Amino acid sequence: MPRAARVEGTLLCHVGLHRLAFEANEVASIAAPGDDWVSARRAFRESAGAQRVLVTLTGEAVGVDGLEIDAEALSVLPPSPVVAGASGGSLRGFVLTRGVLWPLVHLDGFERYLRGLGPEAA
């Protein structure tokens, strides 16, 4: 099994009843919902919605319901290949913080994965 990587600085995001984490250095800005973004709720087959939109330097944008910043250095537990494949390869692994496992995803890859899922869930 590969050695766990580390991540320092994560955005812990709430998406409906679900949670996701993104490495803070992947996020260029945090904006209010505007024109061109995709809701992270799409991954959970829920209706679109967002309070904040995470934007990369290259313009990929994913909406989440809420977020918290965690500056701690965390170990990244690698996902199994089956689980990573189910997320279009965007799942980096899992981080344990605040007594809970958070899926850690690459923001740009996750945005492409969400767009590939088709229209928003009703």
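Rules and cut-offs
- The numbering scheme is per chain: residues are counted from 1 as the chain's sequence reads.
- Under the rules for a predicted model, residues below a pLDDT of 70 receive no local features and side-chain atom pairs below 80 are neither given nor counted, while totals for whole chains, interfaces and linings still include all residues.
- To get the side-chain values, take all heavy atoms of the structure and skip hydrogens and water.
- By this definition, two strands are paired if DSSP reports at least two bridges between them.
- Elements are defined by DSSP. Helices are runs of H or I of four residues or more, strands are runs of E of two residues or more, and each kind is numbered from the N terminus.
- By the convention used here, residues are in contact when the closest approach between their heavy atoms is within 4.5 Å.
- A fitted line through C-alpha atoms represents every axis, and for helices the fit uses only the stretch in contact; the resulting angles, taken between N-to-C directions, go from 0 to 180 degrees.
- Cavities and pockets are found on a 1 Å grid laid over the protein atoms alone: a cavity is a set of points where a 1.4 Å probe fits but cannot escape, a pocket is an open set with protein on both sides within 12 Å along at least five of seven lines, and a lining residue has an atom within 4 Å of such a point.
- Grid points are joined across faces, edges and corners, and a volume is the space filled by probe spheres set on the points.
- As a working rule, the residues Ala, Val, Leu, Ile, Met, Phe, Trp, Tyr, Cys and Pro are called nonpolar, Asp, Glu, Lys and Arg charged, and the rest polar, with Gly in that last group.

Under an unreviewed UniProt entry, the name given to the protein chain is Protein CrdC, and the organism recorded is Corallococcus soli.

### Quick notes on the sheet that holds strand 6 (residues 61–64)
In a beta sheet, neighbouring strands pair by backbone hydrogen bonds and run either parallel or antiparallel. Spatially, the 4 strands line up as an open sheet ordered 3-5-6-4, and their pairing is mixed. The two strands at the open ends of the sheet, each matched to only one other strand, are strand 3 (29–31) and strand 4 (38–39). As judged from the 3 bridges shared by strand 3 and strand 5 (residues 52–55), these two strands associate in the antiparallel manner. Its bridge partner lying in strand 5, Ala31 is registered against Val53. Strand contacts of helix 2 (residues 107–116): strand 4, strand 5 and strand 6, with the helix running at about 80° to strand 6, the strand carrying the most contacts.

### Quick word on the layout of surface pockets
Volume-wise, the largest pocket comes out at about 180 Å³. In this structure, the largest pocket is lined by Leu20, Ala43, Phe44, Val83, Ala86, Ser87, Leu91, Pro103, Val105, Phe110 and Tyr113. Looking at the lining of the largest pocket residue by residue, the class counts come to 10 nonpolar, 1 polar and no charged.

### Some points on the environment of Arg41
Mapped onto the elements of the fold, Arg41 is located in the loop between strand 4 and strand 5. Separated by 24 residues in sequence, Arg41 and Leu17 have C-alpha atoms that sit 9.6 Å apart. Discounting chain neighbours no more than four positions away, the residues touching Arg41 are Val15, Gly16, Glu46, Ser47, Ala48, Gly49 and Asp65.

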